[in-house]
Each structure stands twice: as C-alpha cells, then as structure tokens.
Amino acid sequence: MKAIQYTRIGAEPELVEIPTPEPGPGEVLLEVTAAGVCHSDEFVMSLPAEQFGYDLPMTLGHEGAGRVAAVGAGVTDLEIGTNVVVYGPWGCGRCWHCAQGLENYCSRASELGIAPPGLGAPGAIAEYMVVDSPRHLVPIGDLDPVTTVPLTDAGLTPYHAIKRSLGKLRAGSFAVVIGTGGLGHVGIQLLRHLSPARIIALDVTDEKLAFAREVGAHETVLSNADAAANVRKITGRAGAALVLDFVGVQPTLDVATAVAGVGSDVTIVGLGDGKSAARVGFFTGAYETNVASPYWGSRSELIELIDLAHQGVLDIAVERFSLDDGVEAYRRLAAGTLRGRAVIVP
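The structure displayed is predicted, hence computed values, not measured ones.

## Thoughts on the overall build of the protein
Now for step 1: Looking only at helices and strands, the protein has 11 helices and 16 strands in total.
Now for step 2: In terms of its C-alpha atoms, the protein occupies a principal-axis envelope of roughly 60 × 40 × 40 Å.
Now for step 3: Within the protein, the 39 negative side-chain charges are centred at a point lying 9 Å from the centre of the 25 positive side-chain charges.

In structure tokens:
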C-alpha cells in the first residue's frame, strides 16, 4: 500500500510502498478515507536526532478517518463498513485518567510504550491503518470524512481548551484567539457557538484576518509589535477573560499575557518552537492569571464534537490532497499558505 513516512532526520517526508497491515487480537483495520496534516508533524520532523524520540521510518498522520475493513480476534461489536474517526491520544484504558475518558493524560502510556498514531505508532496517511482498540473509534454516520477528520485534533484540542474556561466567558467578556489557521479557525467557531464572549482574532496578514471574520471573529487585530496595545483598545482595562494562543512562540505568548485580564485564563495550545514560555508573576501581568498548556482532549469530548458536526454548527475549511500529492501538503504547511486544514484523501 502507499503511505507517507518520515524516514530520515532532517529530510522531508516521502511517499513509499509498504505492506498492508493486518489487525491483531483486539485491533481494527481501517481503510483510510481521510487524514489530516498538522503542525505537530512539522514540529516533530524539525527535531534533531538527539531529541527525536520515535523509531524510523514512521507513517505520519494523527488525524484519521476510515471504514472498518477487518477486525482482529475478540472484536465482536463493530460492523465491517462502519464509518469512523480515530481518537488519537491512546492510553492504557485502566488508569484513573483513562477511566474518565482522558486518555490524553494517561499516567502509564510512557511506561507501557503506548504512542498515538502518526506520533510513534503507524499513522493515518496511508491507504490502511491499524487501530489498537475499538474504543478509539467514534462512528460518524453519513458525515463527510474529509471535513470531519480535522475534528479529531484541530477540533478536539481547542474544544477541550475552551470547555475548561466557559465559566469565565460571560456576556460582555472578551476571548482572544492568536493564530487563525487549522486549530484557530475551529476555535473561533466553537467560541461563537458555546459562549457569549466577544471574540478578537490575531494573525499576521490581512488575508488571514479576513478569514477569521468569515468564521465568526467579531474583531481582528494584526499580530505585530502593536498587537497588545491594539487589543487593549478594544477590551479596555478589563482585558480578556480567555486568551487562546494557537502559535506558542515568545512574541505571541508575550501578547497573550499582556492582554489577559484579572482572573483570566491564558491557554497555550500551539507547540511553537518548544523553547518559549509565558512570563507571569506578581509584577508581570494581571492578578490571578491562570496559565495552562493542555494536550488534545477526552474521548467523550470527541463524541460531543461529532454530535456538533451532525448539528451543522461547524464549517471546517479544508484543502484536499491525494496521497501522491501528500508531500506537497507538508510543504504548503511549512510555507504557511494553507487555508484551514490540509486533508489527504487516499
């Protein structure tokens, strides 16, 4: 089968031919119908050899959708042909966090060598993939897999981040979204649907800001040296109740803490360069600013997102690529020329 793999440190991914996998006991084989391309892939592939923690070659793709093609021994409650998406942050299924559906925070995954697809385990950017357990599959019915597959990360990650702060988003409050790409444009839509807050979106070009307004931002501000001051002109002394930084580099983190109000949440979603940090302290920023860097989301939250998709409240912007053109999707991602999410369709 065809797959896109990261094969050598520092090289771009490659389209390769590899054997079609077979499901083992308790596993599920999917015929992939769509797979998302994410900045996390780009970050991982930028790591030097001494920091790279995965075996190579590695089939990429931690956002996956597919049809159930075959099941391993012991899987009895999943029909062949069922259309599903893959819950990516696999855990042990037994620890306290996993028992809450929070496999993204599994306390034993590292100890047991459990890794997400595309980030250690073979991923979804291939014609077929093996999923380790039926519990990591969510049926999607008649939803389009191409526009639904980004919900498994580009939707789930901002949804998890926003839900934890909904109590602070009252009428008259402000939510700031920094970065309006794959995750950010979904975050804007979720904020509009879930809260009464006024949304201020930041990005680096007028084109990206126009896109942010299209998907629901009330106000837009160019992300430059004057960004914090210009956001404060909108929020006034109150500042923002929630700041979602979908970039995570030092300049955006500095803006995030500068515009946050008293008792606010600053949530760092973007991986950035892996070196930057939010500066907070008694004499830095507003009182009781809460800074967090959540990871992905729970299985139950993915089910909720699929329900929202069935209700038609989300409009995910995607650019489609074939497997043969999948490497170009990564080039476009690196160049910052994608509108929304790149999705590879085998």
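## Notes on a nonpolar patch on the surface
Now for step 1: Nonpolar side chains collect at one region of the surface, where V262, F282, F283 and Y287 lie side by side and expose about 600 Å² of accessible area between them.
Now for step 2: Among the structural elements, V262 can be located in strand β13 (residues 260-268).
Now for step 3: A relative accessible area of 64% places V262 in the exposed class.

## Observations regarding helix α6 (residues 184-194)
Now for step 1: The buried fraction of α6 is high, at eight of 11 residues.
Now for step 2: For α6, the set of buried residues is G184, H185, V186, G187, I188, Q189, L190 and L191.
Now for step 3: On its buried face, α6 is in contact with α5 (156-163), β9 (174-178), β10 (198-203), α7 (206-214), β12 (240-245) and α10 (299-311).

## Quick look at the sheet that holds β10
Now for step 1: The strand order across the open sheet formed by six strands is β11-β10-β9-β12-β13-β14, and the pairing between neighbours is parallel. Of all strands in the sheet, those bounded by a partner on one side alone are β11 (219-222) and β14 (290-292). Ignoring which end each strand starts from, the neighbouring axes of this sheet average 15 degrees apart.
Now for step 2: With three bridges joining them, β13 and β14 adopt parallel strand pairing. Along β14, the bridge assignment pairs D265 with N290.
Now for step 3: On the sheet, helix α8 (residues 227-235) packs against β9, β10, β11, β12 and β13 and is oriented at approximately 160 degrees with respect to β11.

## Things to note about the sheet that holds strand β1 (residues 2-6)
Now for step 1: Reading across from one edge, β2-β1-β4 is the order of the three strands in this open sheet, with antiparallel pairing throughout. Of all strands in the sheet, those bounded by a partner on one side alone are β2 (14-17) and β4 (58-59).
Now for step 2: Looking at chain direction, β1 and β4 are connected through two bridges and run antiparallel. If you follow Y6 over to β4, its bridge partner there is M58.

## Details of the layout of surface pockets
Vacant regions in the atomic arrangement are exposed by a probe of water-molecule size rolled over the atoms.
Now for step 1: Of the voids in this model, the second largest pocket is the one considered here, and its volume is about 340 Å³.
Now for step 2: Along the walls of the second largest pocket sit 23 residues, with T59, G120, A121, P122 and G123 positioned nearest its centre.
Now for step 3: Top contributing element to the lining of the second largest pocket by residue count: strand β7 (residues 128-131), with three residues.
Now for step 4: Partitioning the lining of the second largest pocket into residue classes produces 15 nonpolar, five polar and three charged.

## Side note on the UniProt feature "domain: Enoyl reductase (ER)" (unreviewed entry) in the protein
Now for step 1: Per the UniProt entry, the sites bearing "domain: Enoyl reductase (ER)" (unreviewed entry) are residues 10-344 in this numbering.
Now for step 2: Annotated as residues 10-344, this span is 27% helix and 23% strand, and its ends, taken at the C-alpha atoms, are 22 Å apart.

## Observations concerning the nonpolar core
Now for step 1: In terms of nonpolar packing, the biggest core is built from 45 residues, with I188, L190, L191, L244 and I306 touching the most fellow members.
Now for step 2: Only α5, β9, α6, β10, α7, β12 and α10 provide two or more residues apiece to this core.
Now for step 3: When residues no more than four places from it in sequence are discounted, the contact partners of L244 are A161, I162, V176, V177, I178, L191 and T267.
Now for step 4: Listed in part, the 34 residues of the second largest apolar core include V28, V68, V131 and L137.

## With respect to the state of the cysteines
Now for step 1: Across all of its chains, the model carries zero disulfides by this definition.
Now for step 2: C98 carries a free sulfur, and the closest cysteine sulfur to it, the one in C95, is 3.7 Å from it.
Now for step 3: For C98, a relative accessible area of 3% corresponds to the buried category.
Now for step 4: For C106, which is in no disulfide, the shortest distance to another cysteine sulfur is to C92 and amounts to 3.7 Å.

## Things to note about α7
Along an α-helix, a turn takes 3.6 residues, which lines up residues three or four apart on a common side.
Now for step 1: Listed in full, the buried residues belonging to α7 are L209, F211 and A212. Down the axis of α7, the sector holding all buried residues measures 155 degrees, keeping them to one side. Summarising the geometry of α7, the exposed residues directed more than 90 degrees from the buried face are D206, E207 and E214.
Now for step 2: Buried residues belonging to α7 abut α6, β10 and β11.
Now for step 3: Backbone geometry just downstream of α7 places G216 in the positive-phi region, at approximately 130 degrees.

## Thoughts on the pairing of β1
Note on strand geometry: in a regular strand, side chains alternate between the two faces of the sheet.
Now for step 1: Burial analysis of β1 places four of its five residues in the buried class, which makes it a mostly covered element.
Now for step 2: Here four bridges tie β1 to β2, and the two strands are oriented antiparallel to one another. Opposite Q5, over in β2, you have E14 as the bridge partner.

## Here's the deal with the side chain of N104
Now for step 1: When you line up the elements, N104 lands in the loop between α2 (96-99) and α3 (109-112).
Now for step 2: N104 gets classed as buried once you look at its relative accessible area, which sits at 7%.
Now for step 3: Separated by 2.8 Å, the side chain of N104 and the backbone oxygen of Y295 make a polar contact.
Now for step 4: For N104, the residues in contact, after removing those within four places along its chain, are Y87, P89, H160, Y295, W296, G297 and S298.

Conventions used here
Residues numbered from 1 in each chain as written. Predicted model: local features only at pLDDT ≥ 70, side-chain atom pairs only at ≥ 80, totals over all residues. Heavy atoms only, no water. Helix = DSSP H or I, 4+ residues; strand = E, 2+ residues; numbered from the N terminus. Lys, Arg positive; Asp, Glu negative; His and termini not counted. Charge placed at Lys NZ, Arg CZ, Asp CG, Glu CD. Patch = residues over 30% accessible without salt bridge, like charges linked within 9 Å, V, L, I, M, F, W, Y side chains within 5 Å. Areas by Shrake-Rupley, 256 points an atom, 1.4 Å probe, with all protein chains shown as cover. Salt bridge = Lys/Arg side-chain N within 4 Å of Asp/Glu carboxyl O. Buried < 20%, exposed > 50% of the residue type's maximum accessible area, 1.4 Å probe, protein only. Contact = heavy atoms within 4.5 Å. Pairing = 2+ DSSP bridges. Axes fitted to C-alpha atoms, helices over the stretch in contact; angles between N-to-C directions. 1 Å grid on protein atoms, 1.4 Å probe; cavity = no way out; pocket = protein on both sides within 12 Å on 5 of 7 lines; lining within 4 Å. Points joined across faces, edges and corners; volume = space filled by probe spheres on them. Nonpolar A, V, L, I, M, F, W, Y, C, P; charged D, E, K, R; others polar. UniProt positions renumbered as here; feature names shortened; annotations may be inferred. Core = buried A, V, L, I, M, F, W, Y, C linked by side-chain atoms within 4.5 Å. Disulfide = S-S within 2.5 Å. Arc of directions from axis to C-beta. Polar contact = N/O pair within 3.5 Å; in protein donor to acceptor, adjacent residues only side chain to side chain.

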